[in-house]
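# Coordinate inspection notes
Here is how the chains run, residue by residue.
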Amino acid sequence: MLAAGLSLLVAVVFLLVLQAVGVEAISSLGFVTVVVVAALVGGWVTRRLAPRLPDVRRPPRG
């Protein structure tokens, strides 16, 4: 879940940067590139953050 959320955040930031630069539209290939790069960056950041996060403690069943 963390990787998906971070990937979505990276994609949104990247699209906002493109809009701020003045890009009005991107092609299908450009959109796929944004999605792939966002997924790679989100996965990389998750792999760096995961060891530093506390363990998830779930209450016992019953």
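Residues numbered from 1 in each chain as written. Predicted model: local features only at pLDDT ≥ 70, side-chain atom pairs only at ≥ 80, totals over all residues. Heavy atoms only, no water.

### Section: the overall build of the protein chain
Scanning the protein chain for helices and strands turns up 2 helices and 0 strands. By the compact-globule yardstick of 11 Å for 62 residues, the protein chain is too spread out, its C-alpha radius of gyration being 16 Å. Expressed as a percentage of its 62 residues, the buried residues of the protein chain come to 11%. A total accessible area of about 5500 Å² is found for the protein chain, and carbon and sulfur atoms account for 68% of it. (Helix = DSSP H or I, 4+ residues; strand = E, 2+ residues; numbered from the N terminus. Rg over C-alpha atoms; globule rule 2.2 N^0.38 Å. Buried < 20%, exposed > 50% of the residue type's maximum accessible area, 1.4 Å probe, protein only. Areas by Shrake-Rupley, 256 points an atom, 1.4 Å probe, with all protein chains shown as cover.)

### Examining the side chain of Ser7
Considering the arrangement of structural elements, one finds Ser7 in helix H1 (residues 2–21). The residues touching Ser7, leaving out its near neighbours within four places in the chain, are Ala38, Ala39, Gly42 and Gly43. (Contact = heavy atoms within 4.5 Å.)

### A look at the side chain of Thr46
Residue position: Thr46 is located in helix H2 (residues 28–49). Reaching out from Thr46, the side chain makes a polar contact with the backbone nitrogen of Ala3 at a distance of 3.5 Å. (Polar contact = N/O pair within 3.5 Å; in protein donor to acceptor, adjacent residues only side chain to side chain.)

Shape descriptors only; they carry no functional weight alone.
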